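A closer look at the structure
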Amino acid sequence: MFNNIAKKYDFLNHVLSMGIDKLWRKKAVKLLKPLQPKMVLDIATGTGDFALANLKLNPDKVVGIDISTEMLAVGREKIAKKNLSNKIELLEGDSENIQFDDNTFDAITVAFGVRNFENLEKGLSEMNRVVRPGGKVVVLEFSKPRKFPIKQIYNFYFFRILPFWGRMVSKDASAYTYLPESVDAFPDGDDFLKIYEACGFTETKQIKLSFGIASIYIGTKPIQ
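Within each chain, residue numbers correspond to sequence positions counted from 1 in written order. Totals for whole chains, interfaces and linings use every residue, but because this is a predicted model, local features are given only for residues with pLDDT of at least 70 and side-chain atom pairs only at 80 or more, for both listing and counting. Working from all heavy atoms in the structure, the side-chain values ignore hydrogens and water.

**Here's the deal with the sheet that holds strand β2 (residues 61–66)**
Put simply, the test is: For two strands to be treated as a pair, DSSP must find at least two bridges joining them. Starting at the N terminus, helices and strands are each numbered in turn, a helix being any DSSP run of H or I of at least four residues and a strand any DSSP run of E of at least two. Each axis is a line fitted through C-alpha atoms, taken for helices only over the stretch in contact, and angles between the N-to-C directions span 0 to 180 degrees. By definition in these notes, contact holds between two residues if any of their heavy atoms fall within 4.5 Å.
Taking strand neighbours across the sheet as the criterion, the seven strands line up as β3-β2-β1-β4-β5-β7-β6 in an open arrangement whose pairing is mixed. Two strands close off the open sheet at either side, each with one partner strand: β3 (88–92) and β6 (202–209). Averaged over all pairs of adjacent strands, the angle between strand axes in this sheet comes to 15°, irrespective of strand direction. Of the strand pairs in this sheet, strand β1 (residues 39–43) and β2 are connected by five bridges, and their pairing is parallel. From the neighbouring strand, L41 faces β2, where its bridge partner is V63. In this fold helix α4 (residues 69–81) packs onto β2 and β3, with an angle of close to 165° to the strand it touches most, β3. Relative to the sheet, helix α8 (residues 190–198) contacts β5 (131–142), β6 and β7 (214–220), its axis offset from that of β6 by approximately 155°.

**Quick notes on the packing of aromatic side chains**
We apply this condition: Stacked, edge-to-face and tilted labels apply to pairs of Phe, Tyr and Trp rings (six-membered ring for Trp) whose centres lie within 6.5 Å, assigned for plane angles under 30 degrees, over 60, and everything in between, in that order. Burial classes: relative accessible area under 20% of the type maximum marks a residue as buried, over 50% as exposed, and values in between as partly exposed (1.4 Å probe, protein chains only).
Inspection of the entire model under this criterion finds eight aromatic pairs. A centroid spacing of 6.2 Å and a plane angle of 55° characterise the contact between W24 and F112, whose relative ring orientation is tilted. You can see W24 sitting in helix α2 (residues 20–30) and its partner F112 sitting in the loop between β4 (105–111) and α5 (120–130), a full 88 residues away along the chain. For the residue pair W24 and F112, the accessibility class agrees, reading buried in each case. Here the aromatic rings of F100 and F105 are separated by 5.1 Å at their centres, their planes lie at 85°, and the arrangement is edge-to-face.

Here is the structure:
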């Protein structure tokens, strides 16, 4: 599915979110500034937008992994055009079986990816394994607003408007009906924080964005 929509993905992301997704990524990256990470892993990197945003941290290297070869191809082309191939490397990789050694990265980021994991606990446990003790994981993901009238407006847009325009532009009937369905099924808020902690993270926190339409979840791997 992601291979099918790769060439239209960035356009649809920015248009259907009215550009707010860029602001969400910037806010997520700022949370990692005090850590001053030198090695950053971006999981489910897609076309590399979050990997690119991570350059604001001035790391030595950002590595992005994804299972979609077509999304990676779009991302590599984008990075090459910006002459940033020396700073960002995009690799094919499975977020539930990460190909790096224990304690390799200072920080890990994931944007709109964890809800696609087949096994959420396995994916989060893998992040805990490859981030160093004291390192942080920042997850940016859609969540479900619960207050009137935002909840009602959000549901109308997310389940009616977004799938229609996503289908029209991407020519993929499943992709933008899958999106609201996957968000609806995702354990957001306190439910996600409990899973986060069960996978070994401490100092966990949820930061709601745009009236709860999305959330940033931050966690730290404890120093033994």
